[in-house]
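The chain contents come next:
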Amino acid sequence: MIYEAFSLAMRYWFVVVIFIILVGSVGISIKEYTQKRFVLGLAHSSIGYLKVISGPEEVQGENIQLMEKNTIGRSRRVDILLRDKSIDKVHCLIYKDENSDICISRITDADITINGIQLKDTAIVFAGDMVCIGNVVTEIHIKEEQEE
Amino acid sequence: MILERRGAGALITFTILFSISACTLLSFMDGGFDAAIFAFGIGLSLLILISYNLIAKVFRHIDRLTLVLCFFLASIGMVLLARLNFDTALRQALWFAIGLLVLVITVLVVRRAYDFGKLNYLFMAASFGLLAFAFLFADSIGGAKNWVNLGPISFQPSEISKVLFIIISAYFFAQKRHKIASITYALYVGACVILLVLSNDLGAVLLYAGTFLIVFFAGTGRTLLTLLGISVSAGGAIASYYVIPHVRTRVMIWRDPWSYYQNQGYQIVQGLMAIAAGGAFGAGLGLGYPQAIPVNTSDYIFAVICEEFGIIFGIITILLYLVFIVRGLIIARSATNRFDALLVFGATCMLSLQSFIIIAGVIKLIPLTGITLPFISAGGSSLIACLCQVGIIEGVAVKNGQRDEKQITDAGGEVI
């Protein structure tokens, strides 16, 4: 009698468990699929990234994705926001040119050095170059297909 | 840019809760406390917990959700087997543990291999040899010659052969087609089907033929030829009705099992009555009469699921198979090369066809064939073959994951 009662009661528990597994599986599948599409889409359109070696706390140690054209500065209008007093409102531009080279251009009197050498106007950068944007020290990483 | 893979851990927790709660309930089924069943439940839960975590840790990019679904379906099977026959449940758990090793080895092989190249001809010979061995030496059980007894162990050669069939089919459809290779492959498929027909293993015939046609269409895109293949298969099925008495009997019983209730129709009728008796939520675990259903641990385990756990549980089980299949197809679509895509597609198709054929047979949608319900039915050969197919799917998932992670990390992102 007692077993019967428990068994009849637990029928609903077993249905609940399998329902949770079904709903969980479908939900996780949809979430994973949409997230993967978004992330892989971003990764595909990315040309590389800037690894922040030293700089504002909020970006220290972070990898900042680089798209085909990226404005960097202190203002909210830019693509990559770096909150540091040594950085101008619109400091520089990192972009892929018509020869598929990754270039960095100074905007106005912005202070930029590449491997310790002051940037005068525009220069091509390569993987591993240390780029100092104001007081923010970054290392540039370029996607392999871009380097080819 | 972070790709998070979360959630599967919660589902494995529910799988373990299901196993423990079901086995704890069953341990009180006969009045007293059966420590063996309780220990079985704990042991099964530990096996699932440890193996899931180990596999997920060793293979970072494994498709965890596919693994969870596979574990949950296997735990449903083992709980029901513990209810029906404890010795069978113990054997199934042992085969499950062995099958997990096979899964890991398969993942390792598929992850590293390309398409096995000329080895496929050896696989062809082995596959044909296994089916020929079954035809010549297998015992006839239920009219079909598909079980080979080797002392204490008996196995189904067609189960091992079908895994090789998937690999061979993927190889031949992935390459540029040379005439001799195409003819060799066509002869191999024809020979396999003929051997299976001669062995009266009609479920396997449906499985091999169905998988071949689907993979053929996926590999070649030739609609007309596929339709021709379907027509030929249908013609073969109709011809077999007139030529093979076993087929005629099966169709006759399927059309009106009630008229043959006292003999050949007994199994189908008992199965249908069991499904109806269960109702929406089931009779209760341990409260049904599954012992009235012949072959209740293998072919008719779906009827036992519906009787004890209910029709809602049965429908959700079918939906879980569907989710499993969809995930397999997504993995196939994301594969890095044609061979991997067709390999996963073939494995997924075979598992889906197998599930459909047996469930449809149990609910009298199609004539019954003697094949097992993947992961759930008792049977070491079947369970190992299914886990091997999961290993194939997971091996390609790992390759896909490694490629995706490289793309994401090259762009400065992270996969956690």
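All values derive from a computational prediction rather than experimental measurement. All residue numbers here refer to positions counted from 1 along the written sequence of the relevant chain. Just so you know, chain letters begin at A and ligand numbers begin at 1, following the order they were written in. Restriction of local features to residues with pLDDT of at least 70 applies here, the model being predicted, together with a cutoff of 80 or more for giving and counting side-chain atom pairs; totals for whole chains, interfaces and linings are based on all residues. With hydrogens and water set aside, each side-chain value is computed from the structure's full complement of heavy atoms.

## Structural notes on the overall build of chain A
Rules: Runs of H or I in DSSP of at least four residues are treated as helices and runs of E of at least two as strands, each being numbered from the N terminus. A 1.4 Å probe rolled over the protein chains alone gives each residue an accessible area, and that area as a share of the maximum for its type sets the label: buried under 20%, exposed over 50%, partly exposed in between. By the convention used here, residues are in contact when the closest approach between their heavy atoms is within 4.5 Å. Every accessible area reported is derived by Shrake-Rupley at a probe size of 1.4 Å, with residue values counting cover from the shown protein chains alone.
Check the secondary structure of chain A and you find two helices and eleven strands. Secondary structure elements of chain A, listed N to C terminal, follow the sequence α-β-β-β-β-β-β-β-β-β-β-β-α. Structurally, chain A occupies a C-alpha span of about 90 × 35 × 25 Å along its principal axes. Counting every position in chain A, which comprises 148 residues, the buried fraction comes to 42%. Across chain A, contacts joining residues at least 24 apart in sequence account for 30% of those joining residues at least 6 apart. Element-wise, carbon and sulfur atoms account for 55% of the exposed surface of chain A, whose accessible area totals about 8300 Å².

## Examining helix 3 (residues 64-84) of chain B
As a reminder, the rule being used: Take the number of residues in a helix, subtract one, and multiply by 1.5 Å to get its expected span.
With 21 residues, helix 3 of chain B should cover 30 Å at 1.5 Å per step; its first-to-last C-alpha distance of 30 Å lies within 8% of that length. With respect to burial, helix 3 of chain B is a largely interior element, 19 of its 21 residues being buried.

## Let's talk about the packing of helix 1 (residues 2-45) of chain A against helix 1 (residues 8-26) of chain B
How we decide: Fitted lines through C-alpha atoms serve as axes, helices being fitted only where they are in contact, and the angles separating the N-to-C directions of these axes extend from 0 to 180 degrees. By definition in this entry, angles of less than 35 degrees are roughly parallel, angles greater than 145 are roughly antiparallel, angles of 65 to 115 are roughly perpendicular, and the rest are oblique. Working rule for handedness: look at the near helix, and if it is turned counterclockwise from the far one by less than a right angle, call the crossing left-handed; if clockwise, right-handed. Following the grouping adopted for this structure description, the nonpolar residues are Ala, Val, Leu, Ile, Met, Phe, Trp, Tyr, Cys and Pro, the charged ones are Asp, Glu, Lys and Arg, and the polar ones are all others, Gly among them.
Where helix 1 of chain A meets helix 1 of chain B, the axes come as close as 10 Å, and the angle between the chain directions of the two elements is 165 degrees. Of the possible angle classes, the one that applies to helix 1 of chain A and helix 1 of chain B is roughly antiparallel. Considering only the axes of helix 1 of chain A and helix 1 of chain B, their crossing is left-handed. On helix 1 of chain B, the residues touching Tyr3, Phe6, Ser7, Met10, Trp13, Phe14, Val17, Ile20, Ile21, Gly24, Ser25 and Ile28 of chain A of helix 1 of chain A are Ala8, Leu11, Phe14, Thr15, Leu17, Phe18, Ser21, Ala22, Leu25 and Leu26 of chain B. Its residues assigned to classes, the contact of helix 1 of chain A with helix 1 of chain B comprises 17 nonpolar, five polar and no charged.

## Some details on the sheet that holds strand 6 (residues 102-106) of chain A
Residue and element names in this part refer to chain A. Defined as follows: Think of it this way: DSSP has to see at least two bridges between two strands before they count as a pair.
Pairing within the open sheet is mixed, and its five strands lie in the order 4-3-5-6-9. In the strand order of this sheet, the two ends are held by strand 4 (80-81) and strand 9 (122-125), each with one partner. Here strand 6 runs beside strand 9; their pairing, made up of four bridges, is antiparallel. Following the sheet pairing, serine 105 is matched in strand 9 by threonine 122.

## Some words on the state of the cysteines
Note on terminology: a disulfide is the covalent bond linking the sulfur atoms of two cysteines. Inclusion rule: To count as a disulfide, a pair of cysteine sulfur atoms needs to be within 2.5 Å.
Tallied over the full model, the rule gives zero disulfides over all chains. Cysteine cysteine 349 of chain B remains unbridged, with the sulfur of cysteine 386 of chain B as its closest cysteine sulfur at 14 Å.

## Let's talk about the nonpolar core
Looking at soluble globular proteins, one finds that nonpolar side chains tend to be buried together. Operational definition: To form a nonpolar core, buried Ala, Val, Leu, Ile, Met, Phe, Trp, Tyr and Cys residues must be joined to one another through side-chain atoms within 4.5 Å.
Membership of the largest hydrophobic core comes to 130 residues, with the highest contact counts inside it found for Phe14 of chain A together with Phe18, Phe71, Ile76, Leu285, Phe309 and Phe375 of chain B. It is helix 3 of chain B that contributes the most residues to this core, 15 residues altogether. Non-local contacts of leucine 285 of chain B, meaning those with residues more than four positions away in its chain, are made with Tyr3, Ser7 and Phe14 of chain A together with Ala22, Leu25, Leu26, Val79, Leu80, Arg83, Glu308 and Phe309 of chain B. Ile64, Leu82, Ile112 and Val131 of chain A belong to the second-largest nonpolar core, a separate cluster that totals 24 residues.

## Concerning the side chain of threonine 138 of chain A
Residues and elements named next belong to chain A. When you line up the elements, threonine 138 lands in strand 11 (residues 136-142). Taking the relative accessible area as the measure of exposure, threonine 138 reaches 1% and is therefore buried. Setting aside its immediate chain neighbours within four residues, threonine 138 contacts Leu50, Lys51, Val52, Ile53, Asp129, Met130, Val131 and Ile133.

## Topic: the side chain of serine 377 of chain B
Residue and element names in this part refer to chain B. Filter applied, for reference: A 3.5 Å cut-off defines polar contacts: any pair of N or O atoms within that distance qualifies, except that in protein one atom must be a possible hydrogen donor and the other a possible acceptor, and neighbouring residues in sequence count only when both atoms are side-chain atoms.
In this structure, serine 377 sits in the loop between helix 14 (338-362) and helix 15 (380-410). Within the local environment of serine 377, its side chain forms a polar contact with the backbone oxygen of serine 298, the two atoms lying 2.7 Å apart. Serine 377 has contacts with Gln92, Thr297, Ser298, Ile301 and Thr372, leaving out every residue within four places of it along the chain.

## Here's the deal with the sheet that holds strand 10 (residues 130-133) of chain A
Sheet strands line up and pair through hydrogen bonds in the backbone, either parallel or antiparallel. Taken in spatial order, the six strands line up as 2-1-11-10-7-8 (chain A) in an open sheet, and their pairing is antiparallel. Two strands lie at the open edges of the sheet, namely strand 2 (63-66) and strand 8 (117-118) of chain A, each paired on one side alone.

## Quick notes on the pattern of salt bridges
Where side chains of opposite charge bring their charged atoms close, a pairing between them can arise. The cut-off we apply is this: Basic side-chain nitrogens of Lys or Arg form a salt bridge, by our definition, when they fall within 4 Å of a carboxyl oxygen of Asp or Glu.
All told, the structure shown has eleven salt bridges over all chains when counted by the stated rule. Between arginine 327 of chain B and glutamate 32 of chain A there is a salt bridge, and its shortest N-O distance comes to 2.8 Å. Highlighted residues: arginine 327 of chain B in helix 13 (residues 311-333) and glutamate 32 of chain A in helix 1, drawn from two different chains. For arginine 327 of chain B, a relative accessible area of 7% translates into the label buried. Measuring nitrogen to oxygen at the nearest pair gives 2.7 Å for the salt bridge that ties glutamate 159 of chain B to lysine 162 of chain B. On the criterion of helical spacing, the pair formed by glutamate 159 of chain B and lysine 162 of chain B is a turn pair, its members being three residues apart in helix 6 (residues 157-174). In this pair, the class of glutamate 159 of chain B matches that of lysine 162 of chain B, namely buried. One network of salt bridges, in which partners are shared, links Glu32 of chain A together with Asp63 and Arg327 of chain B.

Without other data, these values stay purely geometric and don't point to any function.
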